[in-house]
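# A closer look at the structure
Chain by chain, the residues:
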Amino acid sequence: MVDIQFEAQVKGYGLTTANIVYRLPDHPTLLQEFLWQHYDLAPDFPELFKFLEFWDREIEGPVHSVTIAHNRLVGPNGWRGAKGIFRLH
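An account of the accompanying structure is given in this report. Since the structure is predicted, the reported quantities are computational estimates derived from the model, not experimental observations.

### Overview of the sheet that holds strand β1 (residues 14-23)
Whether parallel or antiparallel, the strands of a sheet pair through hydrogen bonds between backbone atoms. An order of β2-β1-β3 is seen for the 3 strands of this open sheet, with the pairing classed as antiparallel. Two strands lie at the open edges of the sheet, namely β2 (31-40) and β3 (63-71), each paired on one side alone. Taking the axes of each pair of neighbouring strands and ignoring which way they run, one obtains an average angle of 15 degrees across the sheet. Where β1 lies against β2, 10 bridges are found, and the strand directions are antiparallel. Within β2, the residue paired with Ile-20 across the bridge is Phe-34. Across the sheet, helix α2 (residues 46-58) lies against β1, β2 and β3, angled at about 140 degrees from β2, the strand it touches most.

Right, dumping it as structure tokens:
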């Protein structure tokens, strides 16, 4: 059975980290940070935007800013099959 995360990486997904800075509802002059990580497709980031839509709909703290870091961990040319196994005693 293939790991779901590995399969997503082969399909082009990469690890996306978003640093979400938001205002506290009771103290709008204070800022708080929230880190979000998920496998997502750059440059459109559909999973991140789905999460941000959920945030706007369900969470009271308005978003101040979002900083995105993305790394495509495995690509079609990033891995290759083994041609042999050598065992040493």
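### As for the pattern of salt bridges
Scanning the entire structure with this criterion turns up 2 salt bridges. A salt bridge links Lys-50 to Glu-47; the nearest nitrogen and oxygen atoms lie 3.6 Å apart. Of the two residues, Lys-50 and Glu-47 are both situated in helix α2; the distance of 3 residues between them amounts to about one turn of the helix. For Lys-50, a relative accessible area of 49% translates into the label partly exposed. Taking the relative accessible area as the measure of exposure, Glu-47 reaches 24% and is therefore partly exposed. Here Arg-57 and Glu-58 are joined by a salt bridge, their closest N and O atoms 3.6 Å apart. Judged by relative accessible area, which is 58%, Arg-57 ranks as exposed.

### Overview of α2
Spanning 13 residues, α2 covers 18 Å between terminal C-alpha atoms, matching the ideal 18 Å at 1.5 Å per step. Among all positions of α2, only Leu-48, Phe-51, Leu-52 and Trp-55 are buried. Take α2 and look down its axis: the buried residues cluster within an arc of 100 degrees, on one side only. Turned more than 90 degrees away from the buried face of α2 sit Glu-53, Arg-57 and Glu-58, all of them exposed. For α2, the secondary structure elements touched by its buried residues are β1, β2 and β3.

### Quick look at the side chain of Asp-40
With respect to the element layout, Asp-40 can be found in strand β2. The charged side chain of Asp-40 is buried without a salt bridge, its nearest counter-charge being Lys-50 at 8.3 Å. Among the polar contacts listed, one links the side chain of Asp-40 to the backbone nitrogen of Glu-47, at a separation of 3.1 Å. Setting aside chain neighbours within four positions, we find Asp-40 in contact with Tyr-13, Gly-14, Thr-16, Phe-45, Pro-46, Glu-47, Leu-48 and His-70.

What counts as what
Residues numbered from 1 in each chain as written. Predicted model: local features only at pLDDT ≥ 70, side-chain atom pairs only at ≥ 80, totals over all residues. Heavy atoms only, no water. Pairing = 2+ DSSP bridges. Helix = DSSP H or I, 4+ residues; strand = E, 2+ residues; numbered from the N terminus. Axes fitted to C-alpha atoms, helices over the stretch in contact; angles between N-to-C directions. Contact = heavy atoms within 4.5 Å. Salt bridge = Lys/Arg side-chain N within 4 Å of Asp/Glu carboxyl O. Buried < 20%, exposed > 50% of the residue type's maximum accessible area, 1.4 Å probe, protein only. Expected span 1.5 Å × (residues − 1). Arc of directions from axis to C-beta. Lys, Arg positive; Asp, Glu negative; His and termini not counted. Polar contact = N/O pair within 3.5 Å; in protein donor to acceptor, adjacent residues only side chain to side chain.

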